[in-house]
Amino acid sequence: MEFTLHRVDLLHGQAMARGTLCILPAGKKKTQKVAVGDDSGTLTVFYMKKGEVQTEWKSPALGREISTVVLQSAKDKLFVGCGQSIHGFTRKGKEFVKIKTNLTETINHIFVDENMIWTGGEFIMNIYDQCKDFGFVMVKDRINDLTCAPIAPGDILSAIVACQDKFIRVYAGEKLYHELSVEGPGSSLGFYGTPPMEKEIKKPNESVTLMYGTEQGTVGLTSIDAKAMKRIAGITDRQQRPGMSGPGAGTRRARVCVLHTADIVKSGALDILVGREDGNLEVWSLGEGAMSPSAARLEQVPPTLTYETCLQESIQGMGSGNITGGEHNELVVTTYSGKVLGFTPSLAARDPTGSEMANAEDQAAASQGLMSSMMGTSTKKKTMSQAEENALKAEKDRRHKALEKEVETLKAQLEKEKLSYQRLSGEQIAMQTTTKVSHRFNLNSEEACYNLTVDSQSPLELVSLRADVDVDLLDHDGTAAILSRSKGDPVNPLLATYRMQEAGSRFQIRLRTVEGLSGTISCFVLPATSPKTAHLINLKIKPLSLHERITEAPPDVPMSELRLTGPFTMTDMHQWLSMCVNELPSRPTEDEMTIAFRSAFVGTVLLGRYAKGSATFKSDSIMTISVLKDLITREATARKISVSINVDVKDETFPRFLELIHPKLAFQHSLTQQVKMVEPLREVQLQEGETNFLAPELQMVLQHATDIQQQFELQPQRLAFLHNIVLAAYKHKWRLRGHLSVEHRIKDLQKHLEAYNMEQIAAFFDEPID
């Protein structure tokens, strides 16, 4: 049976941060109220009455953007995080508590249980008891989400933290209690079913089923108890999208922003609701595995995607309840630009704008006129019952009055803003932007490229890019746009502009950086607002920008080694290393740090161990060793720190390096042969009709002919990109062995690369230079 949710637009306010939506528990009436906080610093509580939104109360402006809104565990009191302050409101809107903390970080996450409050900033988690400091934890990496549950023995809840370094951690007070490595940086947490604190009957030593979402788009389920924490199942990040086929059908889903569970489908089992950064809203049904999710059960009956829609902007909050007063469990969602949307299975919400009603009347009138002209006589109009006519007339009048009232309100707001702007612009020049713009710049390890995502409160007009390093623009996603590229110069090799062809507030660009080079990408974002104000986003490109952090290094890999000793501190080495790679914590978290990275493009690894006065780095890529050596030497010299450097270059690393890059080089070279076959094969298909007699390889070329031709258009720059990686590896090999220049050998290597024979290239690497 097909399942559909109907969208209802409830409210449109200022831009909203993640986690600023709460559904209040049902009171005397079964209709539940909705609380939302926005960037104006106002908390609004509203409810639905006769299909219209009624505001229950609004808080006074709290002075800063609201960063989080939560309900006290198993209660109906609202707590709001605003800058470095915590505000508590009763159900009726009275502010009963205000805590001004001594924190330096913005409070992004809050959890409240009885008299205890847990807060999460960027790196620090604080615990308060009776509004007084109880403890704090310096978490190993950035906190992306926080919640609490009864896990460790004792009366105090344990804090569960999703971290940027691909770990989910459980803290009992200030002590690390559990730690679980997951597929990517954790971006969202939620409980499967009723949160354990709200259960009426609590069993001793009962395990907690936790959901987590990652930046890679994966949704996982874990079981946590006092003894262990283990992953039990997951929803893969590669699912066939409805109505699509071919290579693009199973593409990776976007970053998970929010997770929730509710029985929306009315199957008697809980559905997993997922809100993503690209605006995708998904309802996943676990079927028979919903009662007690386990790996074995979900392998036999995998989760199914029951419903999916895309809102074209990031989903910031999600909740469920009886909002409109019907018999359905409805979904409420908030978006980046400040929209509060309802999704209900109720058929009453199928036509919220009245368009279907108007179309039905037009079609009835048209068919009536056509029948009359064909028959040459006047036929009687199909009569409606008196009750139906009265109901239709009442509904039309209600909608007409509601629209008139909304138009008058908007006119009044527009006049007020115009007068305010005219008064200001008479004396001053507009400099401060009137709309919110934010961005994310993260590595997509599967495709070895960066995703630059721009979110705007208002529709985008254009996005311009300038870079002082070579950057390969791949493609873009979101709003349809035309790319215009200008010829750069040595100072600015990249100059590009995307002009939007349709209204849209979210835009994503995929680009690939060149390792070994460092610099800055400047992104100028121009929203379609008046006055025109551009937002400047500066993005740092690090020398080892395509390296991602991993938890385990592959065994038995030959590696070259870099050893450093000297009077440097632990913090010095950590800062130098953070200038080379991403995903390092802002400060050292242990007396001796151990790191492991993998190149997302080539597949080589970097291992490191450093402490005060000594550091050792190993890699099967000579270029990685050379880049580290050069940067650390330069920074140490600038600080006047004497560092002793030893490099041990292993010849065994080069065959492995060439083996890793071979598939990419072989693919690009094979494109030349495949493109030559496309037109003759199309001619054969045109003349013969059937192509079953062709070899499977030729049939494959014919099926993907368009893709092959598109890839071939990009081949020169991609082949040059790969050739440069091999050339750089050769140069670094001999430079680290004391040869300052190998230019006389580079031309020979280029000829081998153009002819492309892996055995000959490997033999060339082994040849002595003299």
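Relevant structure appears above.
Below is a short write-up of the structure.

Procedures and definitions
- Residues numbered from 1 in each chain as written.
- Predicted model: local features only at pLDDT ≥ 70, side-chain atom pairs only at ≥ 80, totals over all residues.
- Heavy atoms only, no water.
- Helix = DSSP H or I, 4+ residues; strand = E, 2+ residues; numbered from the N terminus.
- Expected span 1.5 Å × (residues − 1).
- Bend = angle between axes of the 7 residues up to and from the residue.
- Buried < 20%, exposed > 50% of the residue type's maximum accessible area, 1.4 Å probe, protein only.
- 1 Å grid on protein atoms, 1.4 Å probe; cavity = no way out; pocket = protein on both sides within 12 Å on 5 of 7 lines; lining within 4 Å.
- Points joined across faces, edges and corners; volume = space filled by probe spheres on them.
- Nonpolar A, V, L, I, M, F, W, Y, C, P; charged D, E, K, R; others polar.
- Pairing = 2+ DSSP bridges.
- Axes fitted to C-alpha atoms, helices over the stretch in contact; angles between N-to-C directions.
- Contact = heavy atoms within 4.5 Å.
- Phe/Tyr/Trp six-rings, centres within 6.5 Å; stacked < 30°, edge-to-face > 60°.

## A look at unusual backbone geometry
- Backbone geometry at Glu-583 places phi at a positive 65 degrees, although glycine is not the residue there.
- Tracing the sequence through the fold places Glu-583 in the loop between α4 (570-578) and β40 (593-599).
- If you check the backbone angles, Lys-640 has positive phi at about 60 degrees while not being a glycine.
- Within the secondary structure, Lys-640 sits in the loop between α5 (622-638) and β43 (644-648).

## Side note on helix α6 (residues 653-688)
- Between its terminal C-alpha atoms α6 stretches 51 Å, which fits the 52 Å expected from 36 residues at 1.5 Å a residue.
- Along α6, the helix axis deviates most sharply at His-662, where the bend reaches about 45 degrees; the proline Pro-663 sits within four residues downstream.
- Among all positions of α6, only Thr-653, Phe-654, Phe-657, Leu-658, Ile-661, Leu-665, Gln-668, His-669, Leu-671, Val-678 and Leu-681 are buried.

## As for empty space enclosed by the protein
- Throughout the structure, instances matching the rule amount to one cavity of 30 Å³ or more.
- For the lining of the largest cavity, the secondary-structure elements that each account for two or more residues are β1 (6-12), β27 (330-335) and β28 (339-344).
- Along the lines of polarity and charge, the residues of the lining of the largest cavity split into seven nonpolar, three polar and one charged.

## Describing the sheet that holds strand β18 (residues 186-191)
- The four strands lie next to each other as β18-β19-β20-β21, forming an open sheet whose pairing is antiparallel. Sheet topology places β18 and β21 (229-235) at the edges, where each strand pairs with a single neighbour. The average angle at which neighbouring strand axes cross in this sheet is 30 degrees, direction not considered.
- Sheet topology places β18 next to strand β19 (residues 208-214); five bridges connect them, and they run antiparallel. Among the inter-strand pairings, Leu-189 is bridged to a residue of β19, identified as Tyr-212.

## Notes on the environment of Ile-725
- When you line up the elements, Ile-725 lands in helix α8 (residues 705-735).
- Separated by 209 residues in sequence, Ile-725 and Gly-516 place their C-alpha atoms 9.5 Å apart.
- The contacts of Ile-725, once residues within four sequence positions are left out, are Phe-601, Val-602, Phe-657 and Ile-661.

## Some details on the packing of aromatic side chains
- Applying the stated criterion across every chain yields a total of eleven aromatic pairs.
- Relative to Phe-96, the ring of Phe-79 has its centre 5.7 Å away and its plane inclined at 90 degrees; by these criteria the two rings are edge-to-face. Residue Phe-79 is found in strand β7 (residues 78-82), and its partner Phe-96 is found in strand β9 (residues 95-100); the two are separated by 17 residues along the sequence.
- Among the residues examined, Phe-79 registers a relative accessible area of 5% and is labelled buried.
- Owing to a relative accessible area of 36%, Phe-96 belongs among the partly exposed residues under this scheme.
- Connected via pairs of aromatic rings, a cluster forms that spans Phe-654, Tyr-730, Trp-734, Phe-764 and Phe-765.

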